[in-house]
Amino acid sequence: MNIVAVYNIKGGVGKTSAAVNIAHLAAQDGFRVLLWDLDPQAASTYYFRVKPRIRGGGKKMIRGKLDLDDQIKGTDYENLDLLPADFSYRKMDVALGDIKKPALQLLKLLRPLSYEFDLVVLDCPPSISLVSENIFHAASALLVPTIPTTLSIRTYQQLLKFLKENKLDRIDVLPFFSMADRRKSMHVEIMRQLPKKYRNFMDAWIPYASDVERMGLHREPVTAFAPNAIAARAYQRLWNEVAERLSLQPM
Amino acid sequence: MISRRKPTINPDTAFSPVAGVSLEQFLGELGHRFDFSEERPAYIDRTYLDSFDWRLFEGGGTLCFERESHARRLVWTPHDSRQGRVMLGRVNKPPRFGWDYPPGAMRSTIGPLLEMRALLPRIDLVTRVRTLRLLDDERKTVVRLRVEESRPRRAERDDDELNQEQPPVAVRIVTLPVRGYDDELADLRKWLYDSDRVTPRTPCLLEEAINATGGRVADYSSKLDFEFDPDMPAAEAVREIHRFLLGVMEQNLFGVREDIDSEFLHDFRVAIRRTRSALTQVKGVLPASATDHFKERFAWLGQVTGPTRDMHVYLLGFDDYRDSLPRQYQGDLEPLRAFLIAHQKLEHGQLVERLASPEFEELIRQWRDFLARTDLGARSKHGDKPLIEVASKRIREMAQRVFEEGDAIDDRSPPEDLHELRKSCKKLRYLMEFFQSIYPANKIGGPIREIKRLLDNLGDYQDLEVQAGKLRHFAHQMVEEGATPADTLLAMGMLVDGLLRRQQQKRGEFSERYARFADTENRQRFQALFGNRGGK
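Residues numbered from 1 in each chain as written. Chains lettered and ligands numbered in written order. Predicted model: local features only at pLDDT ≥ 70, side-chain atom pairs only at ≥ 80, totals over all residues. Heavy atoms only, no water.

Q: Before we go on, may I ask you to explain the overall build of chain A in this structure?
A: Counting secondary structure elements, chain A contains twelve helices and seven strands. For 251 residues, the compact-globule formula gives about 18 Å, and the C-alpha radius of gyration of chain A, at 17 Å, lands near that figure. Taking the contacts inside chain A whose residues are at least 6 apart along the sequence as the reference set, 79% of them involve residues at least 24 apart. Accessible surface, chain A: about 10,800 Å² in total, of which carbon and sulfur atoms supply 51%. Positive and negative charge centroids in chain A, built from 35 and 27 side chains respectively, lie 6 Å apart. (Helix = DSSP H or I, 4+ residues; strand = E, 2+ residues; numbered from the N terminus. Rg over C-alpha atoms; globule rule 2.2 N^0.38 Å. Contact = heavy atoms within 4.5 Å. Areas by Shrake-Rupley, 256 points an atom, 1.4 Å probe, with all protein chains shown as cover. Lys, Arg positive; Asp, Glu negative; His and termini not counted. Charge placed at Lys NZ, Arg CZ, Asp CG, Glu CD.)

Q: When you look at the overall build of chain B in this model, what are you seeing that I'm missing?
A: Assigned secondary structure in chain B consists of 17 helices and ten strands. Projected onto the principal axes, the alpha-carbon positions of chain B cover approximately 85 × 65 × 50 Å. Here the contacts in chain B between residues at least 6 apart in sequence split such that 72% fall between residues at least 24 apart. For chain B, the exposed surface amounts to about 25,700 Å²; the carbon and sulfur share of it is 48%. Separation of charge centres in chain B, based on 85 positive and 88 negative side chains, amounts to 2 Å.

Q: Whenever I open this one, the pattern of salt bridges confuses me. Can you help?
A: Any two side chains of opposite charge can pair, given that their charged atoms come close. Residues and elements named next belong to chain B. Applying the stated criterion across every chain yields a total of 61 salt bridges over all chains. Among the salt bridges present, the one from Glu450 reaches Arg516, with a minimum N-O distance of 3.1 Å. Of this pair, Glu450 sits in helix α15 (residues 441-481) while Arg516 is found in helix α16 (residues 486-517), placing the two residues 66 residues apart along the sequence. Accessibility expressed as a relative area gives 39% for Arg516, which makes it partly exposed. We note a salt bridge from Glu509 to Lys506, for which the minimum N-O separation is 3.8 Å. (Salt bridge = Lys/Arg side-chain N within 4 Å of Asp/Glu carboxyl O. Buried < 20%, exposed > 50% of the residue type's maximum accessible area, 1.4 Å probe, protein only.)

Q: Sorry if this is basic, but what is going on with the packing of helix α6 (residues 234-258) of chain B against helix α12 (residues 358-372) of chain B here?
A: Pairs of packed helices are described in terms of their axes, by the angle between the two and the distance that separates them. All names here are of chain B. In contact at an axis separation of 10 Å, α6 and α12 are set at 155° when each is read in the N-to-C sense. Taken together, the axes of α6 and α12 are roughly antiparallel relative to one another. Remark: the crossing between α6 and α12 carries left-handed chirality. Listed contacts from α12 to Arg239, His242, Arg243, Leu246, Glu250, Leu253 and Arg257 of α6 are Phe360, Ile364, Trp367, Arg368, Leu371 and Ala372. (Axes fitted to C-alpha atoms, helices over the stretch in contact; angles between N-to-C directions. Parallel < 35°, antiparallel > 145°, perpendicular 65-115°, else oblique. Left-handed = near helix turned anticlockwise from the far one by under 90°.)

Q: Where do I start with the side chain of Arg32(A) in this structure?
A: Tracing the backbone shows Arg32(A) in the loop between α1 (15-28) and β2 (33-37). At 2.5 Å, the side chain of Arg32(A) forms a polar contact with the side chain of Asp118(A). (Polar contact = N/O pair within 3.5 Å; in protein donor to acceptor, adjacent residues only side chain to side chain.)

Q: It is not clear to me how the domain arrangement of chain B should be interpreted in this structure. Could you clarify?
A: The extent of an interface is frequently quoted as the accessible surface area lost upon association of the parts. All names here are of chain B. Structurally, chain B comprises domain 1 (14-160 + 168-212), domain 2 (232-385) and domain 3 (388-529). Relative placement of domain 1 and domain 2: their C-alpha centres are 40 Å apart. Contacts between the two partners involve eight residues from domain 1, matched on the other side by ten residues from domain 2. When domain 1 packs against domain 2, close to 730 Å² is buried across both sides, 64% of that on carbon and sulfur atoms. (Domains from an automatic or database assignment. Buried area = accessible area lost by both parts, 1.4 Å probe.)

Q: Which parts of the structure should I look at to understand the interface of chain B and chain A?
A: Taken together, the contact between chain B and chain A spans 25 residues of the former and 29 residues of the latter. Roughly 2,300 Å² of surface becomes buried between chain B and chain A when both sides are summed, with 38% attributable to carbon and sulfur atoms. In this structure, Arg179(B) and Asp69(A) form a salt bridge, with 2.9 Å as the shortest nitrogen-oxygen distance. For the side of chain B that touches chain A, the class distribution of residues is seven nonpolar, five polar and 13 charged. (Nonpolar A, V, L, I, M, F, W, Y, C, P; charged D, E, K, R; others polar.)

Q: What am I meant to see in the pairing of strand β4 (residues 80-83) of chain A here?
A: Residues in a regular strand point their side chains to alternate faces of the sheet. Residues and elements named next belong to chain A. Burial of β4 is two-sided: the residues Leu80 and Leu82 facing one way and the residues Asp81 and Leu83 facing the other way are all buried. Of the strand pairs in this sheet, β2 and β4 are connected by four bridges, and their pairing is parallel. What sits directly across from Leu35, in β4, is Leu82. Bridge count for strand β3 (residues 73-74) against β4 is two bridges, and the pairing is antiparallel. Paired with Gly74 across the two strands is Asp81, which belongs to β4. The antiparallel pairing of β3 with β4 creates a hairpin that spans five residues between the two strands, and Asn79 there sits at a positive phi of about 75°. (Pairing = 2+ DSSP bridges.)

Q: Looking at this structure, I do not really get the confidence of the model for chain B. What am I missing?
A: In low-pLDDT regions, the fine details of the predicted coordinates are not to be read closely. Residues and elements named next belong to chain B. Per-chain confidence: chain B averages 89 in pLDDT, with 94% of residues scoring 70 or above. Predicted confidence is poor over residues 1-11, with pLDDT under 50, and the contacts of this stretch with residues over four places away or in other chains come to 38 contacts. With pTM at 0.75, the complex prediction returns an ipTM value of 0.83. (pLDDT = per-residue confidence, 0-100.)

Q: Mind showing me how you'd approach the packing of helix α14 (residues 415-435) of chain B against α15(B) here?
A: Residue and element names in this part refer to chain B. Running from N to C, α14 and α15 point in directions that differ by 145°, and their axes come no closer than 9 Å. Pair α14 / α15 crosses with left-handed handedness. Residue composition of the contact of α14 with α15, grouped by class: 14 nonpolar, three polar and seven charged.

Q: What's the story with the side chain of Thr291(B) in this structure? I'm lost.
A: Residues and elements named next belong to chain B. Note on placement: Thr291 falls in helix α8 (residues 288-316). By relative accessible area, Thr291 is classed as buried at 9%. Engagement of the side chain of Thr291 in a polar contact is seen with the backbone oxygen of Ala288, the distance being 2.9 Å. Setting aside chain neighbours within four positions, we find Thr291 in contact with Leu279 and Leu286.

Q: Before we go on, may I ask you to explain helix α17 (residues 520-530) of chain B in this structure?
A: Residue and element names in this part refer to chain B. All of the buried residues along α17 are Asn522, Phe526, Leu529 and Phe530. Around the axis of α17, the buried residues are gathered within 75° of arc, so they sit on the same side. Residues of α17 that are exposed and point more than 90 degrees away from the buried face comprise Thr520, Gln524 and Gln527. Where α17 is buried, its residues meet α13 (387-407), α14, α15 and α16. (Arc of directions from axis to C-beta.)

Q: Could you clarify how one ought to interpret the environment of Lys59(A) in this entry?
A: Residue and element names in this part refer to chain A. Mapping Lys59 onto the fold places it in helix α3 (residues 58-62). Take Lys59: its relative accessible area is 45%, and that puts it in the partly exposed class. Sequence spacing of Lys59 and Val188 is 129 residues, and the spatial spacing of their C-alpha atoms is 43 Å. Aside from chain neighbours lying at most four places away, what touches Lys59 is Ser88 and Ala95.

Q: What am I meant to see in the sheet that holds β4(A) here?
A: The pairing of strands in a sheet comes from backbone hydrogen bonds and takes either a parallel or an antiparallel form. In spatial order, the strands read β3-β4-β2-β5-β1-β6-β7 (chain A); together these seven strands make up an open sheet with mixed pairing. The two strands at the open ends of the sheet, each matched to only one other strand, are β3 and β7 (172-177) of chain A.

Q: Explanation requested: helix α3 (residues 105-114) of chain B in the structure shown.
A: Structural remark: α-helix, 3.6 residues per turn; residues separated by three or four positions point the same way. Residues and elements named next belong to chain B. The complete set of buried residues in α3 reads Ala105, Met106, Thr109, Ile110, Gly111 and Leu114. Each element contacted by the buried residues of α3 is listed here: α2 (55-59), β4 (61-68), β5 (71-78) and β6 (86-88). Phi turns positive one or two residues past the end of α3, at Glu115, with a value near 50°.

Q: Teacher, can you tell me more about unusual backbone geometry here?
A: Note on backbone geometry: most residues besides glycine have negative phi, and most peptide bonds are trans. Residues and elements named next belong to chain A. The backbone phi angle of Arg49 is positive, close to 60°, even though this residue is not glycine. Its place among the elements puts Arg49 in the loop between α2 (43-47) and α3. Arg49 sits in the buried class, given a relative accessible area of 15%. Phi is positive for Met179, close to 50°, though the residue is something other than glycine. Locating Met179 in the fold gives a position in the loop between β7 and α8 (185-197).

Structural data, given as structure tokens:
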């Protein structure tokens, strides 16, 4: 089982859209996929029309007192299941803080599912916290959607620094440009320069597209309701590249 | 370890409307009770794949290559729906052999079932699918209901229309669970079960489709499985055995010619060997003049099919050969693989010519005519005698020979003595297998198992020697045919050494195996079963 986290310190960078579409594409390719919506805003959960609620309480689940298995919901797509968000996730740091070895708790919770899923996609909340530290311990790769702006570059550098300082640099960091607008010269310039500095930048990038925003209306991945749209094709390229870079195979 | 998704509920039986109820009537009633949305109908082209001997179906599931608009996927559906399905996406053309699949759940599911057998298309279906999604108040799908109308597709048709000339398979309504929505599924299923509009049916579409075309799944077996009456004339039983074996040869012929996989030729050759054994071992039951002629002709057929089988054996065993060498020498063996592949093609080409020859066609025609004759028993010495009498006498005599030959073998006996014993054991085994139905099943099973155990040892002992000799022969041949690297010859030398060591090990195990076979208890079993009219 591979665990891939879609993460950025900054919010509003196209994180959830990437998580949702990649999970959908992986499922179409025969991977048995679990998407875990860790963000209390519950956007992934909303896209899949699932009620954002953990029966018995999210806090209890995080502490390992509830079986993760019983909380998983099938989506409208074969091979793709969802572990919904819960409003209590906004206090997940507190819940984790009470546990022994809090930084490894997510990994511990996910382990029993390893025979059931080929790929777990974590849709992570923004900010750096005990939750994100958990994510860095659990995931084998971080997909980092990055808007080609100077501010985004700064947060990307902050992330690298944090990983290094906390000896978490074993994790594969896979940044990609997100919400990119080729009409803006700054976007174009950064997209040209940054991959020269950071060789691990992905070739695939996601354009700023209204189709992605329409996901909220359709409540479906864009790769499902408009598979031939520019955005959907971009997610397809992104997923192909992720699968190749990480040598992902359905088990 | 193969992981499987835990199902939310089991099993997902299919339903069909009862006679006199139209699908629309049923859907109308469903719509009154549940909130559902219907997707645009889709057409799925399905090709069910299985080996010639139905290993997947017999092994617990069906494998289907599905094409739906641009999607191409392989789907493994277990008969027991409590086990999850296994999917493999992005398949343009399904690989024919298990070992050609990418590592993963599909390969680990079908690979061990198929072993060396190739996948063949068993039936093509075109299915019109209407998917109804039962929705909750968020308009989230909580259960899927698929209505499938399938028709077998004739091979030459290639359009997306339902083929009106083929018999349709009954409409199937299938519920597909969505994880975490057990209550909704249970509601729907209860409604379906309680409804007098639909009736449950077998969940296996492959089986229904094949039945609809008048065929039968799992209709091939090379296993000897006769039901004889102990008092029937011996010639009639022998006729039935020969007819069955001729059928096996005929059924496998296309696969031998096309070289689809090695087992076609294997089954073909086993049928030849059994035919020869039945001809020689059941003496005096068929007219002697004819049996002499056919014995000679089937010996010829066995001989001409041998070289291709040899090449199959070495190619099937190649990975084991390679793995038996120290890692640093494993690569040296590759030229041998290339040699085997090239020679397998050559030998197969010659075999195909032989199988197209007038000699072969004449043999099959004559043999079929001979087996159709009404006076088989009357023109022989024992043909009209009761089967039990003839069979018990032959088995008794052969068992006695086996015990005599075996008892005479000690640690200094030459290999030829063991090879002779193997031949006799094989004859005895075939005889017991031909006629086992006239003896009590609980009594003849033991002696057959024991002789198989002994034969495994004797077979390995001889085969290892033959393989070692053959590899030496190949080495000479490779040198004659061109520049073979010295490293390859050295690696082959190591193989020969390893094979001969293993052969010695088998020789060491013989006395214990034989002692078990020839213990008092087993001798008494033979005596009790075949000493008089048998145990029935």
